[in-house]
Amino acid sequence: MRYVIERFITTIPVLFFLSIMVFSFIHLIPGNPAEILLGQDATPQAIHALDAQMGLDKPLLMQYLTWLLNVLRGDLGTSLVDHEPVSQLILQRLPVTVELAFGTMIVAILIAFPLGVAAAVMRGRVADFVAMFAATVGISVPPFWLGILFLLLFTVKFHLVANSLYVPIWQDPLKNLECMLLPCVATGIREAAVLLRMLRSSLMDALGEDFVRTAWAKGLKGAAVTLRHALPNALVPVLTAGGLQIAGLLGGLVITEQVFSLPGFGQLLVQSVFSRDYTTVQGTALVAALIVIIVNLLIDLTYSRIDPRIRTDGRMEA
Amino acid sequence: MSLAPDPHFSPVEPTSSPARTLPPRLLRITNPSLATGGALVLFILVVAAMAPYIAPYGPNQVDYSAVLQGPSAHHWFGTDQLGRDQLSRILFGARTSMEVSVGALVVGAGLGVPVGLFAGYYRGFLDTWVIMRIIDAIQAFPFLILALVLAAMLGPGSRNAMIAIGIGLVPTFARTARAQMLQELGKDYIDAARVVGCTHARIIFRHILPNALTPIIVQATLAMASSIVAEASLEYLGLGVQPPTASWGSMLQSAQGYLQLAPWLVLFPGLALVFSVVSFNLLGDGVQRWLNRKIS
């Protein structure tokens with residue numbers, strides 16, 4: 001319980017600094033945002049009016065407090081381009097990204113588990129070498145390039161997958177699968193490579209433990225020892241580290257969505273960056289960071305439930 | 001099976017044992033990742049530095065008589081929609097990529113290492129509740145999203161891309177430096193330095209930093225790989241270095257419009273990108289392995 005409370009308390013300053021950072025993004029812009037938005041021909045009155053609309057005419061501290069109070073109430077401001085609430089824009093786009101993230105993780109797990117187990121069991125042999133080489137290459141291939149190659153191969157050359165517009169899963173699951181398959185595999189391969197490396201080393205550690213020797217000594221067969229005894233123990237660190245991949249994954253999805261023109265959260269961010277919709281940029285960045293913080297918090301807490309050592313003597317280390 | 005002694009068995013190893021015929025230790029490759037990665041990284045750096053001398057054409061030399069040509073003896077990697085030689089642009093792109101990535105590394109390590117050392121040395125409230133929590137907050141942003149937002153706010157250009165990517169690297173360097181500081185602090189030589197009256201700054205930078213440097217170098221090599229990808233991603237999205245400057249990311253972006261007509265345009269810049277990322281990853285793994293062996 002102490003660990004849980006401590007973990008929550010340390011999250012508070014993180015959220016505080018996060019809010020300051022997101023708030024100050026808009027002040028990093030060289031010059032006046034209102035002036036940039038309205039262009040060079042804008043009259044001083046128009047600039048003044050937009051300044052007032054964005055709240056930029058108030059003292060900095062007041063601006064921050066107003067913004068923070070609004071955010072706490074779930075109000076991320078109004079888009080400067082669409083004039084719609086930013087939170088609504090994000091909620092419209094988020095399901096696509098969430099689906100993409102889940103699909104990616106499924107692909108990653110389907111590739112990483114068999115290969116990782118094989119590599120750990122056949123340590124030092126050809127299968128291990130091949131798996132590790134594949135992992136090194138997989139980690140180094142940027143998903144967006146892989147995505148473009150997939151488009152080239154499967155859509156342009158062989159016409160296997162149509163490059164159709166996004167269809168939500170509840171409208172037509174098959175069409176949805178068709179437009180999600182390539183993006184999920186393109187991003188999933190990199191995540192699989194990361195998972196594979198972790199799983200291999202973690203499983204190799206577990207296979208060297210005493211309880212595995214006991215299992216062998218009891219006369220259990222190879223598969224039972226590996227899958228029933230070693231693997232569950234090897235999974236705890238892999239799941240934690242896998243969950244921490246979420247930050248990298250979210251970043252990668254931004255560009256995957258761009259390659260495949262998927263109307264997700266990342267595309268919203270890129271579009272608002274180019275249309276200079278600063279409030280939407282702020283809102284999306286904040287939501288992305290909050291997702292990462294919440295997922296990490298949940299993983300830490302689950303981890304402490306799975307592994308009691310963390311609860312009893314796990315002193316918080318910064 | 002007979003238990004009688006084998007007449008050919010001799011307890012003494014023959015003099016020409018395999019161990020003796022191996023070349024001396026220096027010539028033996030004990031760490032293939034380090035050797036391969038090091039050689040490849042050196043190759044990339046030389047290519048990037050020598051691009052103006054080895055490129056067959058200028059990176060922005062337009063030739064409308066040779067538009068969208070496939071790989072040939074004249075243009076090894078083909079030409080793009082403006083007839084520019086792809087090989088030359090890739091060579092110059094290596095330059096852009098290395099410049100921005102090294103710059104980002106300087107920003108990331110230049111800010112992260114002192115902050116991490118300072119936090120680890122003084123510890124206390126400032127460390128636990130302010131510095132490390134700011135680092136957590138920076139780390140909460142997905143790396144690419146942070147770089148994208150910062151690049152968007154600061155404006156395009158290679159200098160801003162360096163800053164945008166560099167800030168995303170600060171947490172990694174700060175954490176590594178802090179962990180090293182905590183490890184070194186308990187050692188006797190620090191007490192000795194204190195006793196002879198060294199200032200805090202001297203202890204941190206003259207005594208501890210050199211001892212903490214090796215893991216930071218490993219981090220830097222691995223961070224180089226992620227900066228290269230981040231730089232290419234920013235340029236693919238249209239931020240970072242602006243056209244007509246050759247860069248792998250912007251080459252990929254414009255190539256995506258010619259998938260049907262000129263598929264080689266997406267192939268070669270991507271291969272260059274993968275090649276450099278693999279090289280830096282290999283080097284990083286190699287340095288890490290070398291370090292682990294040295295410690296054990």
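Refer to the structure presented above.
A brief structural summary. Predicted model only: the values in this text are computed from it and were never measured.

## Examining the overall build of chain A
Right, so step 1: Each helix and strand counted, chain A has 14 helices and zero strands in total.
Right, so step 2: Starting at the N terminus, the α and β elements of chain A follow one another as α-α-α-α-α-α-α-α-α-α-α-α-α-α.
Right, so step 3: When the backbone C-alpha atoms are referred to their principal axes, chain A occupies close to 85 × 60 × 35 Å.
Right, so step 4: The buried share of chain A, reckoned over its 318 residues, is 36%.

## Brief notes about the nonpolar core
Right, so step 1: Within the largest apolar cluster, 158 residues are counted, with the highest numbers of intra-cluster contacts made by I145, A147 and L148 of chain B.
Right, so step 2: Contact partners of A147 of chain B, with chain neighbours within four places excluded, come to A164, I165, G168, A230 and L234 of chain B.

## Focus: helix α8 (residues 200-237) of chain B
All names here are of chain B.
Right, so step 1: In this model, α8 (38 residues) spans only 45 Å end to end at C-alpha, well below the 56 Å of a helix rising 1.5 Å per residue.
Right, so step 2: Considering bend angle alone, the principal kink of α8 is centred on L209 and spans about 60 degrees; proline P210 follows within four residues of it.
Right, so step 3: Following α8 by one or two positions, G238 adopts a phi angle in the positive range, close to 100 degrees.

## A word on the interface of chain A and chain B
Right, so step 1: Every contact between the two is made by 40 residues of chain A and, on the other side, 37 residues of chain B.
Right, so step 2: Broken down by secondary-structure element, the contributors of at least two residues to the side of chain A that touches chain B are α1 (2-25), α6 (126-140), α7 (143-157), α11 (246-259), α12 (265-274) and α13 (278-306) of chain A.
Right, so step 3: Top contributing element to the side of chain A that touches chain B by residue count: α11 of chain A, with eight residues.
Right, so step 4: Partitioning the side of chain A that touches chain B into residue classes produces 34 nonpolar, six polar and no charged.

## Here we look at unusual backbone geometry
Right, so step 1: A cis amide bond links P243 of chain B to the next residue, P244 of chain B, at an omega of 10 degrees.
Right, so step 2: Position of P244 of chain B among the secondary structure elements: in the loop between α8 and α9 (248-255).
Right, so step 3: Phi is positive for S261 of chain A, which is not a glycine, with a value near 50 degrees.
Right, so step 4: Along the chain, the position of S261 of chain A falls in the loop between α11 and α12.
Right, so step 5: Unusually for a residue other than glycine, R276 of chain A sits at a positive phi of about 55 degrees.
Right, so step 6: A residue is classified by how many C-beta atoms lie within 10 Å of it, and R276 of chain A, with 16 of them, is partly exposed.

Rules behind the numbers
Residues numbered from 1 in each chain as written. Chains lettered and ligands numbered in written order. Predicted model: local features only at pLDDT ≥ 70, side-chain atom pairs only at ≥ 80, totals over all residues. Helix = DSSP H or I, 4+ residues; strand = E, 2+ residues; numbered from the N terminus. Buried ≥ 20, exposed ≤ 12 C-beta atoms within 10 Å, placed from the backbone. Core = buried A, V, L, I, M, F, W, Y, C linked by C-beta atoms within 7 Å. Contact = placed C-beta atoms within 7 Å. Expected span 1.5 Å × (residues − 1). Bend = angle between axes of the 7 residues up to and from the residue. Nonpolar A, V, L, I, M, F, W, Y, C, P; charged D, E, K, R; others polar.

These figures come from the coordinates and say nothing about function on their own.
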